[in-house]
Amino acid sequence: MLSDRTGKGFFHHALTIREDICNGCSLCMRVCPTGALRIRDGKARLIEDRCVDCGECFRSCPVHAIIIEQDDFSRIFDYKHRVALVPAVLHGQFRHEVSMSEISAVLKSLGFTWVYEVEHGAEILKPAIDELMNVRTLPRPLISSYCPAVVRLIQVRFPALIRNLATLKAPLEMAAFYCRRVLRDRGAHNAEIGVFYVTPCAAKIAAVKSPVGEESTPITGVINMDFIFNRINRTLRNKVELPHGDDHAYSVDQDTLVWSLTTGEASCVNGRTLAIDGINNVTEFLEQLENDGITGIDYLELRACDEGCAGGVLLSSNRFLVAERLRNKARNLKPGNRAADSDDLPDIDAYHDYLMNKVRITDDIKPRSMYRLSGDRDEAMRMMKRSRRLMCWLPGTDCGLCGAPSCQALAEDIVRRRGDISQCVFIRESNMEKDLMDRERSNEIMRRIWGDNNFTKNCNKKGAENESN
Amino acid sequence: MAMNFEYRVEGGDFTHAGYASSQVKKMLKQLGVESTVIKRVVVCLYEAEVNIVAHAWNGVIIITLDADNILMKLTDNGPGIADIELAMQKGYSTASPEVREMGFGAGMGLPNISANADRFVITSEPGRGTSLEITINLNGNAV
């Protein structure tokens, strides 16, 4: 991995590129919203400080070379009390007939002792957002800090908007605090409790592993949703006898059930709200907001994924179907529906005061500008001038053959001493024309970027004669 | 070692308003300027740019950037301002109802620029055009 000179390891990343699988096709580099990827030696490389864990690269990779780390499942057995925190979008992936109690039963057969829905935590967020909205001194619009990829995007690309972030933890943390508290009240020690989150995306993992603006997290580990989805699907199809338990006849409220979907949060907030999904839509909007061209909006719900968490990269089903199923379920719930959990558990509202004390993010959310060329202003000025001089020569075609996503990215790489002008094929061609470079040298550079494999015949590649994976 | 940039602005073209602000914003981020200072620059430039779009026939923005200061000169061909003192008052605007409909023309433009600039000079010749010179020190703080 490449590291920025401005500091290493600020963000923990859940996304890893498997070099043995990556074929350097560069699709990921072309979709990355922060320009965090380059191609070297025929492999995609990540510039860590720029990555916001949105997962667009994971989505685009045709050979599944990008993997999302998860904790070893057997780790759950290190704990006496094993809580699975399940977001509603997991359930939304299954046919209408599959009930939450069946899903819960499968999770229990895997070893969990308690299955709890994350959306309960949103019950605490509603009054917490109201409270913040009443603070007149806060800037408008307030921006929801629900989506960790959006929070990180703001840190690296829009540091001026950090002050607009609602300093609130996510429903996930609230649900986790609640579970721990309930178990402790029943005599368990904190060390005996393992709280595991079934995550729909990479950003949530990164947020759990290195929370922004928080010192510690009540969440013990993460399990990727695709893993759980496959296990549930298999069990249901094989009609394995399950331990019967009729807990979870949806005790989540109608409006909080769809909290993770686009408009789910915004529709629970008073005032003029706006919900935007998709990382490029979010970026475009923040760009304009930063220019001060938007007024009159009180609260912004921003989600990196299309359709909100239904579009999470770790979901296995079509995002539109997932969203539709959840909305449908929500409609069929009676308003204010609070069917008691069968385990005689106290409602999350019983811990309202305790959780409201924990809901605020207390530490500063720090800016981490990805644009800054140097900590020294004069040096940054020199670098900027040089980068602009280089742009006079680069073609502006953004062809990506240099291994950088755009001509401007290459120019900036060069002034940061992470690249060379001869990476540009246009420059090499014109240098060869003027006899300033020989063909052999040019080929060598091309291979240094794209590796040797792309120069040999391979009939097994996707779309070729004997396609095979 | 100052750098110069020039952006042309068309009167009435609200679709492309804000381009210069976006470009300048990115440069200031590259230079590592404090976000509070960037905010002030962007507010000034955006307001001034929108003023040209809303009131003038066309105009040009010349940005002079060095390590310590940004100078923004905006010169337009347009109706000009008859009473600058009046135009500088909060809430005063001659913007048309159509322009206000789009969310512009609240009469906060010039006062806003004045509040955010370190140095602000406005000159106008009614019937010919208006010229703004806005300077902001890049090492400064929020106002």
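Residues numbered from 1 in each chain as written. Chains lettered and ligands numbered in written order. Predicted model: local features only at pLDDT ≥ 70, side-chain atom pairs only at ≥ 80, totals over all residues.

Observations concerning the domain arrangement of chain A
In many reports, interface size means the accessible area that the parts give up when they come together.
Residues and elements named next belong to chain A.
Point 1. The assigned domain composition of chain A is domain 1 (1–69), domain 2 (73–356) and domain 3 (373–451).
Point 2. Centre-to-centre, using C-alpha coordinates, domain 1 lies 20 Å away from domain 3.
Point 3. Listed per partner, the contact involves 12 residues of domain 1 and nine residues of domain 3.
Point 4. Elements with a minimum of two residues in the side of domain 1 that touches domain 3: α1 (27–31) and β2 (37–40).
Point 5. Per element, the largest residue contribution to the side of domain 1 that touches domain 3 is three residues, and it comes from β2.
Point 6. Across the side of domain 1 that touches domain 3, the residue classes break down as three nonpolar, four polar and five charged. (Domains from an automatic or database assignment. Contact = placed C-beta atoms within 7 Å. Helix = DSSP H or I, 4+ residues; strand = E, 2+ residues; numbered from the N terminus. Nonpolar A, V, L, I, M, F, W, Y, C, P; charged D, E, K, R; others polar.)

Describing the interface of chain B and chain A
Point 1. With 20 residues of chain B in contact, the opposing surface of chain A contributes 20 residues.
Point 2. For the side of chain B that touches chain A, the leading source of residues is helix α1 (residues 19–30) of chain B, giving seven residues.
Point 3. Looking at the side of chain B that touches chain A residue by residue, the class counts come to nine nonpolar, seven polar and four charged.

Digging into the confidence of the model for chain A
All names here are of chain A.
Point 1. For chain A, mean pLDDT is 90; residues scoring 70 or higher make up 92% of the total.
Point 2. Here helix α8 (residues 202–209) stands out as the least confident element of chain A, with mean pLDDT 88; strand β11 (residues 299–303) is the most confident, with 98.
Point 3. Ignoring residues within four places in sequence, the model shows residues 1–9, a span with pLDDT below 50, making 15 contacts including any to other chains. (pLDDT = per-residue confidence, 0-100.)

Topic: the sheet that holds strand β9 (residues 221–224) of chain A
All names here are of chain A.
Point 1. If you trace the four strands from one edge of the open sheet to the other, you get β6-β5-β8-β9, paired in parallel fashion. The sheet is open, and its two edges are formed by β6 (114–117) and β9, each paired on a single side. Shown here is a sheet whose adjacent strand axes are inclined to one another by a mean of 30 degrees, direction ignored.
Point 2. Examined bridge by bridge, strand β8 (residues 193–199) and β9 share four bridges and lie parallel to one another. Looking at β9, one finds that Phe196 is bridged to Gly221.
Point 3. Helix α9 (residues 225–237) contacts β8 and β9 of the sheet and is inclined by roughly 55 degrees relative to β9. (Pairing = 2+ DSSP bridges. Axes fitted to C-alpha atoms, helices over the stretch in contact; angles between N-to-C directions.)

Section: the nonpolar core
Point 1. Ranked by size, the top nonpolar core spans 172 residues in total, and within it Val83, Leu85, Cys179 and Ala202 of chain A together with Val41 and Cys44 of chain B carry the most contacts.
Point 2. Looking at this core element by element, the count peaks at 13 residues for helix α2 (residues 35–55) of chain B.
Point 3. When neighbours within four sequence positions are excluded, Cys44 of chain B is seen to be in contact with Met72, Ile113, Asn116, Ala117, Ile134 and Ile136 of chain B. (Core = buried A, V, L, I, M, F, W, Y, C linked by C-beta atoms within 7 Å. Buried ≥ 20, exposed ≤ 12 C-beta atoms within 10 Å, placed from the backbone.)

Focus on the sheet that holds strand β7 (residues 142–143) of chain A
As a general point, the strands of a sheet are linked pairwise by backbone hydrogen bonds and lie either parallel or antiparallel.
Residue and element names in this part refer to chain A.
Point 1. Strand order in the open sheet formed by three strands is β7-β11-β10, and the pairing between neighbours is parallel. The open sheet terminates on both sides in strands that have one partner only, identified here as β7 and β10 (273–277).
Point 2. Pairing analysis gives two bridges linking β7 to β11, with the strands arranged parallel. The residue bridging Leu142 from the neighbouring strand is Tyr299, located in β11.

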